[in-house]
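Commentary on secondary and tertiary structure
As a plain string of letters, each chain reads:
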Amino acid sequence: MAAKQDHIHELEKRLDDFNPQVRFNSLLELKALMDEGKIIPQKMQPIANLHCHTFFSYNAYGYSPTKLAWIAKRMGIKYIGIVDFDVIDGVDEFLQACEIICVRGSAGIETRVYIPEFSKLVINSPGEPGISYHMGIGFTSSQAPESVAGMLNEFRQRADLRNRSMMRRLNDYLHPLHIDYDSEVLPSTPASTATERHMIAKIVQKAQETLPSPIDFWVEKLKTDRNTIIQKNEKPQVFKNFARAKLMKRGGIGYVQLKPELFPIVEDFHHVIEECGALPCATWLDGTSQGEQAIEDLLGLLIEKGLAAINIIPDRNWDIDDPEIKKVKLKNLYQVVELADKLNLPINIGTEMNSFGQKLVDDFNVKELAPVRDSFLRGADFIYGHMQMGRNLKMGYQSVWAKKYLPSRRERNVFFEEAGKAIPPDKKGRAILGQINASQSPAVILEKLKSNL
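In this report, we go over the structure that sits alongside the text. No experiment lies behind these values; they were computed from the predicted model shown.

What follows is about the pairing of strand 3 (residues 104–114). Remember that side chains alternate between the two faces of the sheet whenever the strand is regular. The element strand 3 is extensively covered by neighbouring structure, given that eleven of its eleven residues are classed as buried. Along strand 3, one buried face is formed by Arg104, Ser106, Gly108, Glu110, Arg112 and Tyr114 and the opposite face, lined by Gly105, Ala107, Ile109, Thr111 and Val113, is buried too. With seven bridges joining them, strand 2 (residues 77–85) and strand 3 adopt parallel strand pairing. The partner of Tyr79 across the bridge, within strand 3, is Arg104. Bridge count between strand 3 and strand 4 (residues 131–137): seven bridges; the pairing is antiparallel. Following the sheet pairing, Gly108 is matched in strand 4 by Ile137.

Next comes the structure, spelled out in structure tokens:
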């Protein structure tokens, strides 16, 4: 029995291998063991994490798209979704894995955009007025249409240039420590898409391995007392976050106030997302910034520019030790969910998983999330329904068919919600969708889908 468990553990470990064929073959072997009853997944629960970063940008646990799909299957998570910074490299792999093991999945991208109308207000990117973290969700392929492939590549290139510039500043400051970006940072990623978190991990690792006294080095470079450095250094992930905040964030030697022109204008980003058949999605932090205190105006403006959904990270708005801060942020959470429902903006939720300690999935049973739980699950059904209709039939939310038969956002939301509830996430779902075509009305399509439940 121990040998069998060791073999399963090794297969699961291989799901994070940088070789995609190794990941694929390991998943097939795990599925075979599951089909034979040698792996028993947990009973599926109506819970969701639709905002998981993968190792194509940065996952704190090194998870690949395939690994996240497998974890959802084993842990009984009904809805799982990936989101990567500046790239959509993991979309095809993830959606294929979800279909193989029968998991409801969705895929997206995250970047920072410039919103000129809010140029004087900080929105959700601290210290950067007019700059907003923004997303596209519901992608159906890693291959972008030729019309926008160049713009997507620009996102990747801009991120790379920002990283290299930061690395140069850090190398100057951290002397005698020196990190070669190409030979030391990029190999820690599967597709040369490094982030600040990859850089700080390499910096901390090399300091530990090569310097005669890493503690003395960090006392000097982080301008922090020795006891604090020793205490934080006892927990490597905590120390990485601490060093990143000191070196790379606002006020740190590696940080440079970025000009708005270094980011895509929000309309241009929306154009890329829509051309890919995906959905422009705002991101909401906690309602405390000047920009988010004007959230109704901001969302109204973005809806005029094509916004279709909103992303929320629930955990940072209720799981808070300070009761006064918790009270404010929880109230803001309830208000933004109420507003999203009023504006017909489906909600995409998740935990991110790009920082150590973030949860695998939100606790949907806590009393704090009870008032918003149904809105979260409706959003999960919606985005999954859009993905399936778009991937298999090119009849997603942005399609000619949807615009013809479902002219209002409200009508579209309801249809894709109901479709999401009815479409199985495996080959059976694909077979059912094979009976549907663009000449059929939404009512007829839903009748066909529900008849197979």
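Moving on: helix 7 (residues 196–210). Look at helix 7: 21 Å from first C-alpha to last across 15 residues, which is about the 21 Å you get at 1.5 Å a residue. Among all positions of helix 7, only Glu196, Arg197, His198, Met199, Ile200, Ala201, Lys202, Ile203, Val204 and Ala207 are buried. On its buried face, helix 7 sits against helix 5 (146–174), helix 6 (181–185), helix 8 (214–221) and helix 10 (236–248).

Quick look at the pairing of strand 6 (residues 309–312) now. Burial of strand 6 is two-sided: the residues Ala309 and Asn311 facing one way and the residues Ile310 and Ile312 facing the other way are all buried. In this sheet, strand 6 lies alongside strand 5 (residues 279–284) in parallel orientation, the contact comprising four bridges. Along strand 6, the bridge assignment pairs Trp284 with Ile312. Sheet topology places strand 6 next to strand 7 (residues 347–349); three bridges connect them, and they run parallel. Across the sheet, the residue bridging to Ile310 is Ile347, located in strand 7. Of the crossover connections in this fold, the one passing from strand 6 over helix 14 (residues 323–342) to the parallel strand 7 is right-handed.

Rules of the game
- Sequence order as written defines residue numbering, which begins from 1 separately in each chain.
- The model is predicted, so local features are restricted to residues of pLDDT at least 70 and side-chain atom pairs to those at 80 or more, both for listing and for counting; the totals for chains, interfaces and linings are taken over all residues.
- Water and hydrogen atoms play no part in the side-chain values, which are based on all heavy atoms of the structure.
- Each residue gets one of three labels from its accessible area relative to the maximum for its type: buried under 20%, exposed over 50%, partly exposed in between, using a 1.4 Å probe on protein chains only.
- Each helix corresponds to a stretch of at least 4 residues labelled H or I by DSSP, and each strand to a stretch of at least 2 residues labelled E; elements are numbered beginning at the N terminus.
- In this analysis, strands are considered paired if DSSP registers two or more bridges between them.
- The span one expects for a helix is its residue count, reduced by one, times 1.5 Å.
- Whether two residues touch is decided by their heavy atoms; if any such pair falls within 4.5 Å, the residues are in contact.
- For crossovers, right-handed means that the path from the first strand over the helix to the second runs clockwise, given strands pointing away from the viewer.

Note that every value here comes from positions in space, so none of it alone points to a role or purpose.
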